[in-house]
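Tertiary structure, described
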Amino acid sequence: MEPTPLIRPRSFVVRGRKTEAQQRAIDEFWPAFGVDFDGSPLDLDALFGRHAPVTVEIGFGNGENLLALAERHPERDFLGVEVHGAGIGRVLAAMNERGLGNIRLVRHDAVEVFERGLAAGSVDEILIFFPDPWPKARHHRRRLIQPEFVRLLVRALASDGVLRLATDWEPYAEHMLEVLDAEPALVSTAGAGAFIPRPDSRPVTKFERRGEKLGHAIFDLEYRPRG
């Protein structure tokens, strides 16, 4: 039975322009490493040409974290979901320069990818780092972390999988805690209502550095399926 489509505001606005170099990278490398998502289920083993643990990063931005992790963990496969073409082009160019073959990219709304594309229990790790906090009260409904989307994340996670999140916007961190703690299928590794210490496994990105320069604290969260 197909899941009922989610009817909700978009959690993103497409901004910025691609450079000529980024567009060239897309033209040259998208056929090999891009996924033209059409709403059909994704065969992850076929996409990567092997069976391996899969990490999905939602909204990878300029790709710093995605690239660093893929380079650090050649034994894992990484699916990056992003709507901004500039980030797509940058990652494709960097993949070519570094000789990385364990990344595939989807340029599509993450909600629809999880709703239609990812089978139950098919993902070992989900990363959501520094998503748009939509700070104005009238825009809070656009925030990605909402109960309906969390249920899609839980469905995609393997029974021993992990969901990792980070933000530098304290009101959004509190919102994440409230939504995720309320999901009965998840359990926080730090305990209800608590954040985890910053993990050494998470590379420092420009978004984190920018937040720190603004005097923002960094909040990390980690959840696993409830056994």
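Notes on the structure in this doc start here. What you see is a predicted model; the values in this text were computed from it and never measured.

**Details of the sheet that holds strand β7 (residues 186–188)**
Strand order in this open sheet of eight strands is β1-β4-β3-β2-β5-β6-β8-β7, and the pairing throughout is mixed. The open sheet is flanked by β1 (34–35) and β7, the only strands paired with a single partner. For strand β2 (residues 54–58) and strand β5 (residues 123–129), the ladder comprises three bridges, and the chain directions are parallel. Following the sheet pairing, Thr55 is matched in β5 by Glu125.

**With respect to helix α1 (residues 20–33)**
Between its terminal C-alpha atoms α1 stretches 19 Å, which fits the 20 Å expected from 14 residues at 1.5 Å a residue. The largest bend in α1 is about 40°, located at Asp27, with the proline Pro31 one to four residues further on. Every buried residue of α1 is listed here: Gln22, Ala25, Ile26, Phe29, Trp30 and Phe33. On its buried face, α1 sits against β1, α4 (85–98) and β4 (103–106).

**As for the pairing of strand β3 (residues 77–81)**
Look at any regular strand and the pattern is simple: side chains alternate between the two faces of the sheet. Of all five residues in β3, five are buried, a share of seventy percent or more. The alternating pattern of β3 places Asp77, Leu79 and Val81 on one face and Phe78 and Gly80 on the opposite face, and all of these are buried. Here β2 runs beside β3; their pairing, made up of five bridges, is parallel. When the sheet's bridge partners are listed, Glu57 is paired in β3 with Gly80.

**Considerations on the packing of helix α5 (residues 110–117) against helix α6 (residues 147–156)**
The interhelical angle for the contact between α5 and α6, taken along N-to-C directions, is 45°, at an axis separation of 9 Å. By the angle class used here, α5 and α6 are oblique. The two elements α5 and α6 meet at a crossing, and its hand is left-handed. Residues Ala110, Val111, Phe114 and Glu115 of α5 form the contact with α6, whose participating residues are Phe149, Leu152, Leu153, Arg155 and Ala156. A breakdown of the residues in the contact of α5 with α6 according to their chemical character gives seven nonpolar, no polar and two charged.

**Examining the side chain of Ser188**
Among the secondary structure elements, Ser188 is positioned in strand β7. Side-chain polar atoms of Ser188 contact the backbone nitrogen of Ala190, separated by 3.1 Å. Contact partners of Ser188, with chain neighbours within four places excluded, come to Asp181, Ala194, Glu222 and Tyr223.

**Considering the nonpolar core**
Core analysis: the largest hydrophobic core is formed by 37 residues, its most contacted members being Ile58, Phe114, Leu118, Ile128, Phe149, Leu163 and Leu180. Where this core is concerned, the elements lending two or more residues are β2, β3, α5, β5, α6, β6 (157–167), α7 (170–181) and β8 (219–225). No other element matches the six residues that α6 contributes to this core. Grouped together as the second largest cluster of nonpolar side chains are 23 residues, Phe29, Met95, Ile103 and Ala166 included.

**Quick look at the pattern of salt bridges**
Counted by the stated rule, this structure contains nine salt bridges. In this structure, Asp220 and Arg202 form a salt bridge, with 2.9 Å as the shortest nitrogen-oxygen distance. Highlighted residues: Asp220 in strand β8 and Arg202 in the loop between β7 and α8 (206–213), separated in sequence by 18 residues. In this structure Arg202 comes out as buried when scored by relative accessible area, which is 4%. Look at the salt bridges and you will find they share partners, linking Arg76, Glu125, Arg164 and Glu222 into a network.

What counts and what doesn't
- Residues numbered from 1 in each chain as written.
- Predicted model: local features only at pLDDT ≥ 70, side-chain atom pairs only at ≥ 80, totals over all residues.
- Heavy atoms only, no water.
- Pairing = 2+ DSSP bridges.
- Helix = DSSP H or I, 4+ residues; strand = E, 2+ residues; numbered from the N terminus.
- Expected span 1.5 Å × (residues − 1).
- Bend = angle between axes of the 7 residues up to and from the residue.
- Buried < 20%, exposed > 50% of the residue type's maximum accessible area, 1.4 Å probe, protein only.
- Contact = heavy atoms within 4.5 Å.
- Axes fitted to C-alpha atoms, helices over the stretch in contact; angles between N-to-C directions.
- Parallel < 35°, antiparallel > 145°, perpendicular 65-115°, else oblique.
- Left-handed = near helix turned anticlockwise from the far one by under 90°.
- Nonpolar A, V, L, I, M, F, W, Y, C, P; charged D, E, K, R; others polar.
- Polar contact = N/O pair within 3.5 Å; in protein donor to acceptor, adjacent residues only side chain to side chain.
- Core = buried A, V, L, I, M, F, W, Y, C linked by side-chain atoms within 4.5 Å.
- Salt bridge = Lys/Arg side-chain N within 4 Å of Asp/Glu carboxyl O.

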